[in-house]
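Observations on chain architecture
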Amino acid sequence: MENKETASSKKIITEKGRTLKDLLAGPDIIAARVDGRLVDLSTRLDEGKEVEPISVHSKEGLEILRHSTAHVMAEAVKALFPDARPTIGPATDDGFYYDFDRDKPFSYEDLAIIEKKMSEIIAADKPFSRKEISKEDAIRYFAEQNEPYKVEILNDIEDDTVSLYTQGDFTDLCRGPHIPSTGYIKAFKLLSVAGAYWRGDERNKMLQRIYGTAFASKDELDDYLDFLEESKKRDHRRLGRELELFMMSDEVGPGLIIYLPKGGMVRSILEDFEKRLHLKRGYNIVYGPGILRGELWKISGHMDNYRENMYFTEVDNQLYGIKPMNCLAHILIYRSKIRSYRDLPLRYFELGTVTRHEKSGVLHGLLRVRQFTQDDAHIFCMPDQLIDEIVSIINLVDEVMALFGFDYETEISTRPEKSIGTDEDWELATSALKQALETKGLDYDINEGDGAFYGPKIDIKLKDAIGRKWQCATIQCDFSLPQRFDLSYIGQDGRKHRPVMLHRVVLGTIERFMGVLIEHYAGAFPVWLAPVQVVVMSITDAQRGYAQGIVEKLKENDIRAELDARNEKIGYKVREARSMKVPYMAIVGQREMDEDTITLRDRSGRQEKMSIDGLISRINSSVPKI
RNA sequence: GCCAGCGUAGCUCAGUGGUAGAGCAGCUGAUUCGUAAUCAGCAGGUCAAGGGUUCAACCCCCUUCGCUGGCUCCA
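With respect to the helices, strands and loops of the structure, Ser231 is situated in helix H6 (residues 218-234). When its relative accessible area of 14% is taken as the criterion, Ser231 is described as buried. Once residues lying within four places of it in the same chain are set aside, the contact partners of Ser231 are Ile466 and Arg468.

As a matter of local geometry, RNA strand B sits amid 51 residues, with Tyr197, Arg368, Asn567, Arg575 and Arg578 nearest to it. Side-chain polar atom of Arg237 to a phosphate oxygen of RNA strand B: 2.8 Å apart, as the coordinates give it. Within the side chain of Arg241, an N or O atom sits 2.9 Å from a phosphate oxygen of RNA strand B. Counting residues per element, the surface near RNA strand B draws most heavily on helix H17 (residues 570-579), at five residues. Looking at the surface near RNA strand B, its residues break down into 16 nonpolar, 15 polar and 20 charged.

All right, on to the packing of helix H2 (residues 59-80) against helix H3 (residues 108-123) then. Viewed as axis vectors pointing N to C, H2 and H3 meet at an angle of 115 degrees, and their least axial separation amounts to 9 Å. The angle between H2 and H3 falls in the class roughly perpendicular. The handedness of the crossing between H2 and H3 is right-handed. Contacts from Thr69, Val72, Met73, Glu75, Ala76, Val77, Ala79 and Leu80 in H2 reach Ile113, Ile114, Lys117, Met118, Ile121 and Ile122 in H3. Its residues assigned to classes, the contact of H2 with H3 comprises 11 nonpolar, one polar and two charged.

The subject of this paragraph is the nonpolar core. Within the largest apolar cluster, 65 residues are counted, with the highest numbers of intra-cluster contacts made by Ile390 and Phe404. When residues in this core are grouped by element, the largest group, 10 residues, is from helix H12 (residues 386-404). Leave out the neighbours within four places in its chain, and Ile390 touches Ala432, Leu433, Ala436, Ile458, Ile475 and Leu502.

Attention now goes to the packing of H12 against helix H13 (residues 423-439). Contact pair H12 / H13: the axes reach a minimum separation of 9 Å and the direction vectors enclose 55 degrees. Looking at the two axes, H12 sits oblique to H13. You can see that H12 and H13 cross each other, and the crossing is right-handed. Contacts between H12 and H13 pair Leu386, Ile387, Ile390, Val391 and Ile394 from the former with Ala432, Leu433, Gln435, Ala436, Leu437 and Thr439 from the latter. Class assignment of the residues belonging to the contact of H12 with H13 gives a composition of nine nonpolar, two polar and no charged.

Here we come to the pairing of strand S25 (residues 469-478). Of all 10 residues in S25, eight are buried; the element is thus mostly enclosed. Where strand S24 (residues 457-463) lies against S25, six bridges are found, and the strand directions are antiparallel. Each bridged residue has a counterpart across the sheet, and for Lys457 the counterpart in S25 is Gln476. Hairpin geometry of S24 and S25 is characterised by an intervening segment of five residues between the two adjacent antiparallel strands and by a positive phi of about 85 degrees at Gly467. Where S25 lies against strand S28 (residues 500-509), five bridges are found, and the strand directions are antiparallel. The residue bridging Thr474 from the neighbouring strand is Val505, located in S28.

Conventions we followed
- Residues numbered from 1 in each chain as written.
- Chains lettered and ligands numbered in written order.
- Predicted model: local features only at pLDDT ≥ 70, side-chain atom pairs only at ≥ 80, totals over all residues.
- Heavy atoms only, no water.
- Helix = DSSP H or I, 4+ residues; strand = E, 2+ residues; numbered from the N terminus.
- Buried < 20%, exposed > 50% of the residue type's maximum accessible area, 1.4 Å probe, protein only.
- Contact = heavy atoms within 4.5 Å.
- Near = heavy atom within 4 Å.
- Polar contact = N/O pair within 3.5 Å; in protein donor to acceptor, adjacent residues only side chain to side chain.
- Nonpolar A, V, L, I, M, F, W, Y, C, P; charged D, E, K, R; others polar.
- Axes fitted to C-alpha atoms, helices over the stretch in contact; angles between N-to-C directions.
- Parallel < 35°, antiparallel > 145°, perpendicular 65-115°, else oblique.
- Left-handed = near helix turned anticlockwise from the far one by under 90°.
- Core = buried A, V, L, I, M, F, W, Y, C linked by side-chain atoms within 4.5 Å.
- Pairing = 2+ DSSP bridges.

Rendered as structure tokens:
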């Protein structure tokens with residue numbers, strides 16, 4: 001979303017007795033900031049205050065607009081469905097929602113009716129008015145209105161005074177601020193209905209949520225709706241089928257991926273790339289088994305903290321856990337020898353396939369599956385090497401994300417409720433992560449209670465070509481498992497010391513990363529990743545042998561080439577190669593055959609005649625240096 | 001797992017309480033062609049599965065499975 005600076009964002013000084021609305025002219029100004037607080041335009045202030053107008057085009061202004069639109073929606077819903085009890089209705093990153101408690105869920109047909117009612121409320125241009133009352137009065141009011149959720153929220157508020165906002169027939173408990181009147185809503189749309197737990201807790205009652213969005217102008221709303229359409233076109237599930245990359249099958253089971261030859265090719269390229277990348281950076285490639293004894297998962301704490309995500313099986317009366325993570329084998333590799341401080345850090349890398357029982361409702365194409373392969377590594381190091389190791393992982397992530405054209409954001413997730421280890425260790429681990437990010441000069445958010453059960457983590461959210469965020473890479477700092485498995489190294493002093501362990505993935509998982517890549521590139525992979533790099537196509541049968549020879553020569557030079565010598569018109573072949581998003585077409589007719597050349601057509605439709613060696617060097621030079 | 005919607009040919013989608021349709025893809029033949037669709041013919045389905053209502057169910061009801069959008073959870 002844009003954050004437009006407008007001419008009216010300069011500060012002004014208030015005059016006594018006049019409302020901000022009198023002072024801040026302009027249809028785009030919907031609120032103001034005074035003393036760092038956002039306030040309504042109806043506010044009357046003392047003389048001499050410095051006031052910053054808030055435009056609907058700013059990020060904060062848009063949020064206010066959307067929040068107000070949520071109130072209007074609640075008014076419409078209450079008018080149309082008196083049995084619906086309002087709960088909460090905030091603005092979100094790209095719109096708003098309002099949750100209602102209602103026995104009968106809303107249907108998509110209801111949305112049109114609600115939209116119509118909202119349009120009437122907007123056309124009536126009803127003012128939003130703010131009233132401050134005591135908490136007790138507010139509780140009494142909402143109890144009378146038969147709105148128990150508002151009463152429950154009020155009971156959790158510590159302030160003695162709360163604010164209510166009223167527009168038309170609807171009054172809501174709300175901090176504000178709001179737009180001056182409903183007529184300020186110029187463009188809105190209701191998008192979907194969904195169930196949502198009261199206060200986001202699955203033990204609570206499920207409420208009925210309506211999602212919508214609002215924008216400062218009709219054009220911006222249309223742009224957003226176009227963006228949603230564009231996202232649909234890029235959907236990796238659709239492209240995965242169209243480009244013959246992967247499939248899923250009811251017969252196999254949900255959340256399980258079958259790679260078709262083209263998707264298998266892409267995966268194999270990614271995996272080769274990763275192996276070279278890690279070998280060059282001092283990692284050792286290892287492999288662990290897919291099932292490990294139950295006893296091991298008890299020691300690690302998975303049995304107590306991760307059991308609901310694990311599958312178990314029994315072999316010869318022994319309990320085995322199917323691995324949901326790759327760390328245990330790596331720990332055993334570390335422990336298989338006595339380690340000296342001189343050996344550290346040790347970095348074990350595995351393209352490890354793990355299996356996790358994900359709840360059925362969360363599965364989603366390649367992005368959320370039940371069996372997946374992580375580009376996983378575990379680094380064992382001395383405590384004083386920790387920061388350097390984290391920094392070099394961040395550097396690696398940085399390099400790889402740049403290669404694929406992703407920008408990213410970082411956040412730190414701290415200790416969750418279900419976890420192992422001492423507070424001191426968690427503190428140490430968390431501060432190491434913070435320090436590493438600070439060393440790199442990276443900003444980060446804190447995500448309280450969202451760490452892994454064995455340690456805090458840095459989550460890296462990458463941003464794709466159309467601005468969507470995806471969680472792929474993560475770096476987790478762990479003091480607990482080395483302790484649980486009694487890992488040690490002999491220090492310079494000849495005594496045993498405890499190493500620290502880092503768990504980290506860069507792409508995250510091959511599945512998710514491929515899904516994200518497909519959407520990022522809209523299926524048009526860069527040449528080095530494209531499953532088919534060039535299709536050699538003949539104009540007529542007379543060039544079949546020539547074209548065949550070119551394909552063979554390309555393949556000898558490690559180029560992924562296919563022949564299209566079918567008895568079809570060239571336009572048909574071009575069309576098909578374009579829809580399969582093949583980067584290059586090498587077209588050969590009589591002219592090219594006579595000159596021993598090809599006509600190369602790229603994705604943009606640009607064409608040039610060149611030698612076959614020219615084509616080989618062009619394609620091979622596209623492979624990134626790592 | 002929870003809420004809602006959906007499930008018809010490989011894909012995209014029509015369709016009706018009374019024997020199942022189109023386009024594309026596929027196959028066969030003709031066409032030998034210069035940059036996004038040559039023409040003709042053929043074939044393709046236990047209408048997700050199981051049960052029920054009915055003289056009769058793809059259609060109505062129930063159950064299960066799967067998918068989609070959310071919620072919770074997550075790489």
